[in-house]
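# Results of the structural survey
Okay, here's what each chain looks like letter by letter:
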Amino acid sequence: MYLGLDLGTSSLKALLIDDSQRILGSASAPLTVERLHPGWSEQDPDSWITATRAALAELAKTHAAELARVRGIGLSGHMHGATTIDRTGKVIRPCILWNDTRSYKEAAELDADPQFRRLTGNIVFPGFTAPKLKWMAAHEPEAFARVAKVLLPKDYLRLWLTGEAISEMSDSAGTSWLDVGKRAWDDGLLAATGLDRSQMPSLVEGTERAGALRADVASDLGLPAGIPVAGGAGDNAASACGMGTVGDNHAFASLGTSGVLFAANNRYLPNPDSAVHAFCHALPGTWHQMGVILSATDSLNWLSGVTSTKPAVLTSELGETLQAPGSVMFLPYLSGERTPHNDAAIRGAFAGLGHESDRAALTRAVVEGVSFAFRDSLEALAQAGTALTRVTAIGGGSRSIYWLEALATVLNLPVDLPEGGDFGAAFGAARLALIAAENADPLSVCTQPATESTILPNRDLAPAFDEAYRHYRALYPAIKGAMS
């Protein structure tokens, strides 16, 4: 038995597989985000431990015997979060999350230093970890002075599970402190934020052993003491392991809270000017590129909130047949945008509203706007040297066939749906647990699922969507100018 723990923004998920990778059971526990000021997004790290205990207690109700036979644990988590620890192991302040944009000025200052793009292969985005520590140094100097370790969210869970401060390459690549080509911390990048290597966790590959489960925690969770905890992965790299997206140019589109267009690479292909992320993959000797949209299904969730209508009801009102683009357009920049704009200050907008614009028109605009944002990422990937021939869709938005047909038509790519099953980050983390515990071949474990169906682009509507995309592209500079 192997256990995957995925620390998401809204919940902690525990998933149990056996040695044939059959999913035996899963459970989750909710998490909340605190937004004390506009642009802020924080979480209490101790809530992650509480959620882990709750999810495993729920799983133990039906699978206690299987949990007692677990041979390895894998970790996945939301990336970039700044979890600061003092010399006693105590959390200094709430974790500043990936979608927090308060450090946009500090990010710009670091990005202006040529060594950052040269060594990390990425723009220094406000959501990344390094500018958050620079913000702490400026705004919370007493707290900054206490920092003994900076841990990514999943690695704080590892500290609790094993007592060791260890991270791995895929998650650490999103800090702006890692030389991504060399897969190592860089002293110059750390010094630019007033830190040094002693304040970083040690590094392993995602498939390697990274600590062993402490006896007291094992007893608490109903797991065997001493079992290995795998290096694991950041959430998108873990999802890629779950999907088998580990071969060169294999790709998936994640329609989750954020949106990700993810392509695996067998070599390091940085192109920071395109605002594409170039990170280490969870498997040794591999990298990946990502175009990232900060508000994908989160845009639909926002519309759901303001209309007091469930997201599934909103998309059901569109019917099953794709329509030509409507007169209303939506820019999904509710909390800024990464690819391709790197703009933390921009905000979303509806354009083209009229008296005839009903709720369905707004929903259609949101679906189309998020799909156009994915097209932005596809164009950025092409600029970075990666041409895709098809993508696999995952995430909550992939339950809407209308949305998938819109996405396929906007991208002009076939969109595959995997056969029924859970191939997300928790499953990828469980696969990494299996590899680490059994010293298994990563490629033989991280295989691709069978395809249940394929959504093809609507050729009749493609010209209309191409024209609408051109109008969409013209809106960003217009509203940026109006908001500046």
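Here, every reference points to the structure presented above.
Each chain carries its own residue numbering, running from 1 in the written order of its sequence. Confidence filtering applies because this is a predicted model: local features only for residues at pLDDT of at least 70, side-chain atom pairs given and counted only at 80 or more, and all residues used for totals across whole chains, interfaces and linings. Note that the side-chain values use all heavy atoms of the structure and ignore hydrogens as well as water.

With that settled, the discussion passes to helix α15 (residues 425–438). Here a helix means four or more residues in a row that DSSP labels H or I, a strand means two or more in a row labelled E, and each is numbered from the N terminus. Expected helix span is taken as 1.5 Å per residue step, with the number of steps being one fewer than the number of residues. For α15, with 14 residues, the first-to-last C-alpha span of 20 Å sits near the 20 Å given by 1.5 Å per residue. Three labels apply to residues, based on accessible area from a 1.4 Å probe with only protein chains included: buried if under 20% of the type maximum, exposed if over 50%, partly exposed otherwise in between. Summarising burial for α15: 13 of the 14 residues are buried, a large majority. At the C-terminal side of α15, Asn 439 shows a positive phi close to 55°.

A word on the pairing of strand β19 (residues 287–293). Within β19, 7 of the 7 residues are buried, which leaves it mostly tucked inside the rest of the structure. Of the two faces of β19, the one holding Trp 287, Gln 289, Gly 291 and Ile 293 and the one holding His 288, Met 290 and Val 292 are both buried throughout. One requirement defines pairing of two strands: DSSP has to find at least two bridges between them. As judged from the 7 bridges shared by strand β17 (residues 259–265) and β19, these two strands associate in the antiparallel manner. Residue pairing across strands places Asn 265 opposite Trp 287, the latter belonging to β19. Here 4 bridges tie strand β18 (residues 277–280) to β19, and the two strands are oriented antiparallel to one another.

Moving on, we come to the packing of aromatic side chains. Any pair of Phe, Tyr and Trp rings, taking the six-membered ring for Trp, is counted once the centres come within 6.5 Å. Such a pair is stacked with planes under 30 degrees apart, edge-to-face with planes over 60 apart, and tilted for the rest. Counted by the stated rule, this structure contains 14 aromatic pairs. Ring centres of Phe 372 and Phe 465 lie 6.5 Å apart, and the angle between their planes is 55°; on these two criteria the pair is classed as tilted. You can see Phe 372 sitting in helix α13 (residues 359–383) and its partner Phe 465 sitting in helix α17 (residues 462–483), a full 93 residues away along the chain. The pair formed by Phe 372 and Phe 465 is uniform in burial state, with each residue classed as buried. The structure contains a cluster of three or more aromatic residues connected by ring pairs, namely Phe 372, Phe 465, Tyr 469 and Tyr 472. Two thresholds decide whether a charge sits over a ring: the Lys NZ or Arg CZ must be within 6 Å of the ring centre and within 35 degrees of the ring normal. Over the face of the ring belonging to Trp 40 we find Arg 102, whose NZ or CZ atom lies 3.5 Å from the ring centre.

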